[in-house]
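Per-entry structural report
Spelled out, the chains give:
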Amino acid sequence: MSTPELSAGHSGLMDSVYRHQRHIYDLTRKYYLLGRDRMISELAPPKGGTVLELGCGTGRNLILAARRFPDAHFYGLDISGEMLVTARASIARAGLSDRISLAQADATSFDAAALFGRAGFDRVFVSYSLSMIPGWERSVSAALAASTGSVHVVDFGQQEGLPGWFRKLLRRWLAKFHVAPRETLASDIAAQARVAGKSCRFTSLYRGYAWLIVVGGAKPI
C-alpha cells in the first residue's frame, strides 16, 4: 500500500475515533498524558522563534506553549480533520489565531514549506502522537529534518518501574484508542540523532510511565 493510501486510511481512522471524543479529549487525557507540561516548559524558543508540533490534536499544547512563550510563533499539523476543527475553535477562543497556524497533514511525510511557508523551525515537538502513528519512525525523521534547533518528544514509556498488572491494564485501555507504546522509541530516536550528529537526552518519568526525549545540539551521543 502506498504512503498516500496509508495516510488516507489513517486519517479516516483518526476521524472516526475522535469525531466525538474530541469534545472531551482534553478533559479526560490530562489524567494520563503525563509529562506534556514539563516538555513544553523546556522548549524555550528564542525570541521571535518558531515552533512546530506534529500531531497537534485539539491544540491544547500549542495554546499552552504560545501563552508561555509570547514572543514565538507556533505551527501545528494533524492528520485528523475532526481534531483540527476543535483546535481552530480553541485557538480562536484563546485569542491566539494570529500566532498559531494549523494545517492538515501526515506527520510521517509533509512539506512544511508548502504548508506554512517555511522549511525549518527552531523547535519541533511531538506529544503522545508517535504511539498512534503507523510508521512512527518516519515521523522522527521528519521532525529532525524540520528542526533547525531541538526536537522534543514525550510519549508512553514501557512502565519499567511499575507493577506488571498496571502495564497490562494500561495497554489494554490504550488499545481501545489504537495507541501502542513503542518499545524502541528511545533507541530509535537515539540512533537517528547519532546519524544526524546531534545530542540526545533521555529521561524516564514516573517510573517509566512516560519517556521524555530531547534531541539537539551538534555533539553526537
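Criteria and thresholds
Residues numbered from 1 in each chain as written. Predicted model: local features only at pLDDT ≥ 70, side-chain atom pairs only at ≥ 80, totals over all residues. Heavy atoms only, no water. 1 Å grid on protein atoms, 1.4 Å probe; cavity = no way out; pocket = protein on both sides within 12 Å on 5 of 7 lines; lining within 4 Å. Points joined across faces, edges and corners; volume = space filled by probe spheres on them. Helix = DSSP H or I, 4+ residues; strand = E, 2+ residues; numbered from the N terminus. Nonpolar A, V, L, I, M, F, W, Y, C, P; charged D, E, K, R; others polar. Buried < 20%, exposed > 50% of the residue type's maximum accessible area, 1.4 Å probe, protein only. Contact = heavy atoms within 4.5 Å. Pairing = 2+ DSSP bridges. Axes fitted to C-alpha atoms, helices over the stretch in contact; angles between N-to-C directions.

1. Examining empty space enclosed by the protein
Counting across every chain of the model gives two cavities of 30 Å³ or more. By volume, the second largest cavity is sized at about 40 Å³. Residue lining of the second largest cavity: V126, V140, A143, L144, V151, V153, I189 and V215, and that is the complete set. If you list the elements that add at least two residues to the lining of the second largest cavity, you get α7 (136-146) and β5 (147-156). Per-element tally for the lining of the second largest cavity: the top contributor is α7, with three residues. Among the residues making up the lining of the second largest cavity, the classes are represented as eight nonpolar, no polar and no charged.

2. Re helix α4 (residues 60-68)
Buried residues of α4: N61, L62, I63, A65 and A66, and no others. Close packing links the buried residues of α4 with α3 (36-41), β1 (50-54), β2 (73-78), α5 (81-93), β3 (100-104) and β4 (121-127).

3. Details of the sheet that holds strand β6 (residues 199-205)
Read across the open sheet, the seven strands follow the order β3-β2-β1-β4-β5-β7-β6; overall the sheet is mixed. Taken across any chain shown, the strands that pair with only one partner, and hence form the sheet edges, are β3 and β6. The average angle at which neighbouring strand axes cross in this sheet is 15 degrees, direction not considered. Pairing of β6 with strand β7 (residues 210-216) involves seven bridges; the strand directions are antiparallel. Residue pairing for β7: S204 is matched across the bridge by W211.

4. Things to note about the environment of F156
Positionally, F156 belongs in strand β5. Among the residues examined, F156 registers a relative accessible area of 2% and is labelled buried.

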